[in-house]
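Each chain is listed here by its residues.
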Amino acid sequence: MNQTSAATTQPLTDSIRRVVDAGKITLPPLPNLVNRLMELLRDQDSASSRKVARLVGTDPAVAATLLRWANSAAFGGLHPISDLSLAIARLGFRQVTSAVTTLAHSGHFRSDDPVKSRLLESLWGHAVTTAMASKHIASLTGGEPEQSFVAGLLHDAGKLLVLRAVDHLETHDGADIMPPVLDELMNVLHTELGHSTLASWSVPEPICHAALHHHDEEVDPDHPLAVRVQAADAVACKMGWLA
Ligand SMILES: [Fe+2]
Ligand SMILES: [Fe+2]
């Protein structure tokens, strides 16, 4: 950051930390269902399509979406199915956490403002590409692919909070924040705000840690998930999904 941009953004970073600390700005949490699925699927031996279906069935909107996906061209078998256990078996029950998290997190990337909508679309492309790269890297390196997918998907969640905080400052404090300043604010703040947001959602600690450390210059072999997300983030940027 050069001196001019540091001087420009410092009061704004302070303001954003203040409104976030005061609880004026939050991201709606992921449904509790995501954490319960992660818990259930952590024990590979006891997880089953029926147990996962029982849990997913507590959220009718999610259940309906999974049924629709299971019957879609990508997964469709010879016969349409209406039973949730069968739908989960067809999708692969270990992928259900990723699907449910993707579904829930996608709601954070919507805006009525066309300019913000374009930015959010780009952030979403980066998040999904990082998630897929992270999952692939995990499968090659002995990691847990679904946890790696979720960590990749959520790693830049702090940027969404910065965007909301900027909206708040523009609406309530009359701030006029130009795109280069917004980029700088996201760069400076998104790892710490991402970490605190994910921790407040009770997301497992390794995923919070990856969000906090994915831009560290040093890689820490004691935190392989963070290393995978760092690598996946670089892959997504190389593929043109900058964020
Ligand atoms: Fe990032
Ligand atoms: Fe990223």
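Residues numbered from 1 in each chain as written. Chains lettered and ligands numbered in written order. Predicted model: local features only at pLDDT ≥ 70, side-chain atom pairs only at ≥ 80, totals over all residues. Heavy atoms only, no water.

> I'd like to hear about the nonpolar core, residue by residue, with values.
Within the largest apolar cluster, 65 residues are counted, with the highest numbers of intra-cluster contacts made by Ile16, Val56, Val162, Leu198 and Ile207. Broken down by element, this core gets its largest block of residues, eight residues, from helix H9 (residues 157-172). Shared between two domains, this core takes at least three residues from each, and those domains are domain 1 (9-26 + 109-238) and domain 2 (34-97). (Core = buried A, V, L, I, M, F, W, Y, C linked by side-chain atoms within 4.5 Å. Buried < 20%, exposed > 50% of the residue type's maximum accessible area, 1.4 Å probe, protein only. Helix = DSSP H or I, 4+ residues; strand = E, 2+ residues; numbered from the N terminus. Domains from an automatic or database assignment.)

> Can you break down the coordination of the iron ion (ligand 1) residue by residue, with the values?
Within the protein, the atoms that donate to the iron ion (ligand 1) are Asp156 (OD), His190 (NE2), His214 (NE2) and His215 (NE2), at distances of 2.1 to 2.2 Å. Each of the four donor atoms around the iron ion (ligand 1) contributes to a set of angles spanning 85 to 175 degrees, which defines the coordination as irregular. Read in sequence order, the donor residues coordinating the iron ion (ligand 1) give the pattern D-x33-H-x23-H-H. The metal-metal distance between the iron ion (ligand 1) and the iron ion (ligand 2) is 3.4 Å, with Asp156 coordinating both. Note that Asp156 is positioned in the loop between helix H8 (145-154) and H9 and His215 in the loop between helix H11 (205-213) and helix H12 (224-238), a separation of 59 residues in sequence. Classification of His215 by relative accessible area gives partly exposed; the value is 42%. (Donors = N, O, S within 2.8 Å, 3.2 Å for Na, K, Ca; no water. Tetrahedral: all angles 85-135°; square planar, octahedral: opposite > 155°, others 65-115°.)

> An account of the coordination of the iron ion (ligand 2) is needed here, citing residue identities and associated values.
Around the iron ion (ligand 2), the donor atoms from the protein are His126 (NE2), His155 (NE2), Asp156 (OD) and Asp233 (OD), and they sit 2.1 to 2.2 Å away. In this structure, the iron ion (ligand 2) is surrounded by four donor atoms whose angles at the metal cover 81 to 174 degrees, and the resulting shape is irregular. Along the chain, the residues donating to the iron ion (ligand 2) fall in the pattern H-x28-H-D-x76-D. Relative accessible area serves as the criterion here: at 1%, His126 is assigned to the buried category. The class of Asp233 is buried, set by a relative accessible area of 8%.

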